[in-house]
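Residue-level listing of the chains:
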Amino acid sequence: MKITKEQFKKDFKRRVREKFANEVEESSSDELFASLGSVIQAYYSNAWKDTRKDTRASQCKQAYYFSIEFLPGKMLKSNLLNMGLLDTVRDSLKEMNIDLEELCNVEKDMALGNGGLGRLASCFMDSIASCGLPGNGNGIRYDYGLFKQKFVDGNQVELPDEWLREGNVWEVRKASKAVNVNYGGHVYLKENERGQLKPVYENQQVLRAVPYDTGMLGYHNNMVNTLRLWSAEIPEFEENRYQSIEERRDFRDLTSVLYPDDSNYEGRLMRLVQEYFFVSAGIQSIILSQKKTGVAMLDLANYVAIHINDTHPALCVAEMMRILVDEEDLSWEKAWNVTVKTMSYTNHTIMAEALEKWPVSMLQEVIPRLYQIIEEIDRRFVEEMSLLVDSELVERTRIIKDGQVHMAHLAIIGSHSTNGVAKLHSDLLKGVVLHDFYLLYPERFNNKTNGIAQRRWLQLANEPLANLLDQTIGTSWRKEANDLHLLMNYKDDSKVLQQIADTKYTNKVRLAEYILKTTGIDVSPDAIFDVQIKRLHAYKRQLLNLLHILKLYFELKDNPEADIYPRVFIFGAKAAPSYTYAKHIIKCINEVANMINADEAIQGKLKIVFLENYNVSLAELIIPAADVSEQISLASKEASGTSNMKLMLDGAVTIATLDGANIEIRDIVGDDNIAIFGLTEEEVYRYYETQNYSALKIYENDPVIQRILNAFIDGTIPNIKVEGQEIFDSLIRYNDEYFVLRDFQSYVDAQKSIETLYRDKPRWQKVSLINTAHAGHFSSDYTVQRYAEDIWQIEPIRKVGNDSEQ
């Protein structure tokens, strides 16, 4: 985009005066940020309008990505980068004595997600636009999102994340596009004058779904797609019905938080209503839009691809059928054909408990008409498949069984494509987890390994390295991520290796300053920064990391002069509010941190930092500073992982099990440039078959493990009497579900190899370079291009990286 500094300064000063009746010099950072956001939005508004106009005029097929989570992070610098205005605006503000970073600090992270699922969705939004593809997001506009994490006496405490308190400068409320979402009540079928069975509804509740649109900007190509987030309001005609504060709060609460507490019935009920709310609003919006352009419903799949990101939007299948059959008068058979061709599904887990199931009674209460439709889908599926395969296979794959509705089954049966998110994950889906469905629909299964938006995770998060890459290999990598491979030409260039190491040190100093400021813990940037950042879950094995830290600590206690290279262990993670075990692990990490950080006898060789409220902005600070990337989930449990890709991109060396995308990282960088340990997926499943794993035997026969585990229950670690006992019992009494003790010695050996490698500075620098040079393979640009070609069948309407003026 061609905007001069003079033009920008003129526009910016005028906007400050218009919005706040102030001069720039008199304005607060909040006012300056709001004005800057308004100017930037005005700059891309024409491109946003033109993108919509061009997609309508060409009647091209569009993808709609339905996800209950989106984690965009802060958008100020991202939008400036994608518009080609980052340096112009930064320099212009500096000439006005304004620091762009200070304004960035004003912006709140959009609290629309939790972990990898939401960040992946946002990386995809960035890449879809940057690849010039017509694709939009559909989700929920949460008032508070997940929660703001605080530590009180080492415990996680959940506070409201009031990210919307000052408004959201990037969103546009589209009241004219609002739709009604009906739920609850009773429904029965009655024959109309044409002999068709049509539903009759009684005592339904009505939600007004109001969309808030946010522009998703492509990189240097004038493409602006839309992320549409829905907020629940009381319809005007229902105002008199909901008089009390409590009744009105129920409406407001519906889109207040991500993942309402599912430990009680009311929480699960609200989660189900949430899922139906954004599914119904989104599909209604799509169909209304298509009808305005004259698209016949029988041809819908030629113009629309709807993607179900995990099981939360699986009701898309039934809601599409409801609209096509009940409202558009299509026969069941024709509506089903359209639905299956339109829908596609990404599975993000192999863990049975994460595959959503809802009690039949709950669906009958919340969405009675959709339950009828799901019943009919299930009946027809059983009838059709019973002619083709044995009854046991049919029973295992049906949607409704044991009084529950299996949402993954609905998504697979009702779509034309089911994909996993890493090669191992997809193989496990086909061979184990969804093997029965693979037998029924082998042609529907495929793999699409996850990717990351490298614009954010390198160009924005790590400007020192990005600028050095420009000087070393040119700038083509900014548009074509695989051009990072040009860096391999410098793997033996000591000058370049040292320059890359210097950028890492700069980033470590920056993180160390943040840690000191926010926690009071003084860490040395000369130490190894060992990083594990992801959701707190038992299968991700933060506990294994903690056991290794305790091993090092006890070695230093026995011999303070032990030759252990100084390390800073950095954690970032939230535990679900109802996940008590995960919260107890957080408590234990924090208490071990207090114990170790205060122990002067170990001479500062070990430090533990657990940073509160891990989010995208914090990740952007941690990842460029990381030396070691902890990817230590039990093999076969992590679908893909994306922190592994981000950390690799920024030069961290990975310590990993052969799980998820770690396998593909290993394959691409080579065995010498990654530290692999632990059980393989085959060995894990062998234990499941033989049932001969004994954590107790390992404990009894290994004095090192005995000492570490006893520390949880004998008072060595203070203030964890309850939490420590639970962790001890989970490993010994309940036989260590995630094989932490079985993998412990292998992990210790891998960590020792990491330390040995780090001591050899030239070799370490080379391994770091090799990781960055190969990370282009995991660009989400390439991932969404594969989705576009293989699943969605959509084509670009903009050139990639076209720098033409807006």
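Remember, predicted model here, so these are calculated numbers, not experimental data.

Asker: Any chance you could break down the overall build of the protein chain for me, citing the residues and the numbers?
Answerer: The secondary structure content of the protein chain amounts to 31 helices and 23 strands. Here the protein chain has a C-alpha radius of gyration of 27 Å; the compact-globule value for 806 residues is 28 Å, and the two agree. For the protein chain, the spread of C-alpha atoms along the principal axes amounts to about 90 × 70 × 55 Å. Buried residues in the protein chain amount to 62% of all 806 residues. In the protein chain, once contacts between residues fewer than 6 apart in sequence are set aside, the share between residues at least 24 apart is 77%. Within the structure as shown, the protein chain displays about 31200 Å² of accessible surface, and the carbon and sulfur contribution to it stands at 47%.

Asker: Outline the sheet that holds strand β19 (residues 567-572), supporting the account with residue identities and numerical values.
Answerer: Read across the sheet, six strands follow the order β20-β19-β18-β21-β22-β23 without closing on themselves; strand pairing throughout is parallel. Since the sheet does not close on itself, it has two edges, and those belong to β20 (606-611) and β23 (675-676), each with one partner.

Asker: Describe the nonpolar core, listing the residues and the values that go with them.
Answerer: By size, the foremost hydrophobic cluster in this structure holds 147 residues, and its most contacted members are F8, F12, L36, L76, L93, I283 and W792. If you tally residues by element for this core, the top one is helix α8 (residues 265-292), at 10 residues. Of the residues that make up this core, three or more belong to each of domain 1 (295-448) and domain 2 (454-672 + 679-773 + 783-788). Residues in contact with W792, not counting those within four places in the same chain, are K61, A63, Y65, I128, A305, H307, S344, V784 and Y787. L544, I717, L731 and I754 belong to the second-largest nonpolar core, a separate cluster that totals 75 residues.

Asker: For the domain arrangement of the protein chain, give the residues involved together with the corresponding values.
Answerer: Once the domains are mapped, the protein chain shows domain 1 (295-448) and domain 2 (454-672 + 679-773 + 783-788). A C-alpha centroid distance of 37 Å is found between domain 1 and domain 2. Facing 16 residues of domain 1, the contacting portion of domain 2 comprises 17 residues. Surface buried jointly by domain 1 and domain 2 totals about 1200 Å² across both partners, of which 70% is contributed by carbon and sulfur atoms. Per-residue buried area on domain 1 facing domain 2 is highest for M351, L424 and K448; these three make up 45% of the total on that side.

Asker: Describe helix α10 (residues 332-342), with residues and values.
Answerer: All buried positions along α10 are accounted for by W332, A335, V338, T339, V340 and T342. Close packing links the buried residues of α10 with β11 (304-309), α9 (316-327), β12 (343-346), α12 (368-386) and α14 (407-413).

Asker: Break down the UniProt feature "modified residue: N6-(pyridoxal phosphate)lysine" (unreviewed entry) in the protein chain for me, citing the residues and quoting the values.
Answerer: Listed under "modified residue: N6-(pyridoxal phosphate)lysine" (unreviewed entry) in the UniProt record, and renumbered for this structure, are K646. For K646, the location among the structural elements is in helix α23 (residues 643-649). If we skip the residues at most four places from it in the chain, K646 touches R119, I452, W457 and I623.

Asker: Pulling in residues and values, what's your account of unusual backbone geometry?
Answerer: Unusually for a residue other than glycine, N97 sits at a positive phi of about 65°. With respect to the helices, strands and loops of the structure, N97 is situated in the loop between α4 (86-95) and α5 (100-106). Its identity is not glycine, yet Q793 carries a phi of approximately 55°, on the positive side. By secondary structure assignment, the location of Q793 is in the segment after α31 (780-792). Assessed through its relative accessible area of 43%, Q793 is described here as partly exposed.

Asker: Please set out the packing of α10 against α12 residue by residue, giving values where relevant.
Answerer: In contact at an axis separation of 13 Å, α10 and α12 are set at 90° when each is read in the N-to-C sense. Taken together, the axis directions place α10 and α12 in an arrangement best described as roughly perpendicular. Of α12, the residues touching α10 (which contributes W332, E333 and W336) are I373, E376, I377 and R380. Here the contact of α10 with α12 is composed, by residue class, of four nonpolar, no polar and three charged.

Asker: Run through the environment of K9, naming residues and quoting values.
Answerer: Examined against the element boundaries, K9 turns out to sit in helix α1 (residues 5-20). Taking the C-alpha atoms as reference points, K9 and Q706, 697 residues apart in sequence, are found 66 Å from one another. Residue contacts for K9: discarding those within four places in its chain leaves S92, E95 and M96. Here E95 takes part through its side chain, which lies 2.6 Å from a polar atom of the side chain of K9.

Asker: Talk me through the environment of Q204; I want residue IDs and the actual numbers.
Answerer: As for its position among the elements, Q204 is in the loop between β8 (197-202) and β9 (205-217). Assessed through its relative accessible area of 16%, Q204 is described here as buried. Sequence-wise, Q204 and H186 are 18 residues apart; in three dimensions their C-alpha atoms are separated by 7.0 Å.

Asker: Could you give an account of the side chain of T55, with specific residues and numbers?
Answerer: Its location among the elements puts T55 in helix α2 (residues 29-58). Look at T55 and you get buried, because its relative accessible area is 6%. Those residues within four positions of T55 in sequence are excluded, and the remaining contacts are C60, Q62, P134 and I797.

Asker: Describe the pairing of strand β1 (residues 62-66), and please don't skip the residues or the numbers.
Answerer: The buried fraction of β1 is high, at five of five residues. Where burial is concerned, the two faces of β1 agree: the one with Q62, Y64 and F66 and the one with A63 and Y65 are both buried. Relative to β11, β1 runs parallel, the two sharing five bridges. Each residue of the ladder has a partner; that of Y65, found in β11, is H307.

Asker: Residue-level account of the pairing of β19, with values.
Answerer: Burial of β19 is extensive: six of the six residues sit out of reach of the surface. Here β19 shows two buried faces, one formed by R567, F569 and F571 and the other by V568, I570 and G572. A crossover links strand β18 (residues 528-533) with its parallel partner β19, the connecting element being helix α20 (residues 542-558), and its sense is right-handed. Note that β19 and β20 share six bridges and pair parallel. The partner of R567 across the bridge, within β20, is L606. Considered for its hand, the β-α-β crossover made up of β19, helix α21 (residues 580-597) and β20 is right-handed.

Asker: How would you summarise the packing of aromatic side chains if you had to cite specific residues and measurements?
Answerer: Taken as a whole, this structure holds 20 aromatic pairs when the rule is applied. A ring pair is formed by Y565 and Y758, whose centres lie 5.2 Å apart and whose planes are at 70°; its orientation type is edge-to-face. Taken together, the positions of Y565 in the loop between α20 and β19 and Y758 in helix α29 (residues 740-759) put the pair 193 residues apart, joining distant regions of the chain. In terms of burial, Y565 and Y758 fall into one category: buried. Here Y688 and F739 contribute two aromatic rings whose centre-to-centre distance is 6.1 Å and whose plane-to-plane angle is 45°, an arrangement assigned as tilted. Placement of the pair is Y688 in helix α25 (residues 681-690) and F739 in the loop between α28 (721-731) and α29, with a sequence separation of 51 residues. Ring pairing ties together the aromatic residues Y685, Y687, Y688, Y693 and F739, which thus form one cluster. Over the ring of Y212 we find R141; its NZ or CZ atom is 3.8 Å from the centre of that ring. Above the face of the Y441 ring, R444 is positioned so that its terminal group lies 3.8 Å from the ring centre.

Calculation rules
Residues numbered from 1 in each chain as written. Predicted model: local features only at pLDDT ≥ 70, side-chain atom pairs only at ≥ 80, totals over all residues. Heavy atoms only, no water. Helix = DSSP H or I, 4+ residues; strand = E, 2+ residues; numbered from the N terminus. Rg over C-alpha atoms; globule rule 2.2 N^0.38 Å. Buried < 20%, exposed > 50% of the residue type's maximum accessible area, 1.4 Å probe, protein only. Contact = heavy atoms within 4.5 Å. Areas by Shrake-Rupley, 256 points an atom, 1.4 Å probe, with all protein chains shown as cover. Pairing = 2+ DSSP bridges. Core = buried A, V, L, I, M, F, W, Y, C linked by side-chain atoms within 4.5 Å. Domains from an automatic or database assignment. Buried area = accessible area lost by both parts, 1.4 Å probe. UniProt positions renumbered as here; feature names shortened; annotations may be inferred. Axes fitted to C-alpha atoms, helices over the stretch in contact; angles between N-to-C directions. Parallel < 35°, antiparallel > 145°, perpendicular 65-115°, else oblique. Nonpolar A, V, L, I, M, F, W, Y, C, P; charged D, E, K, R; others polar. Polar contact = N/O pair within 3.5 Å; in protein donor to acceptor, adjacent residues only side chain to side chain. Right-handed = clockwise from strand over helix to strand, strands pointing away. Phe/Tyr/Trp six-rings, centres within 6.5 Å; stacked < 30°, edge-to-face > 60°. Lys NZ or Arg CZ within 6 Å of the ring centre and 35° of its normal.

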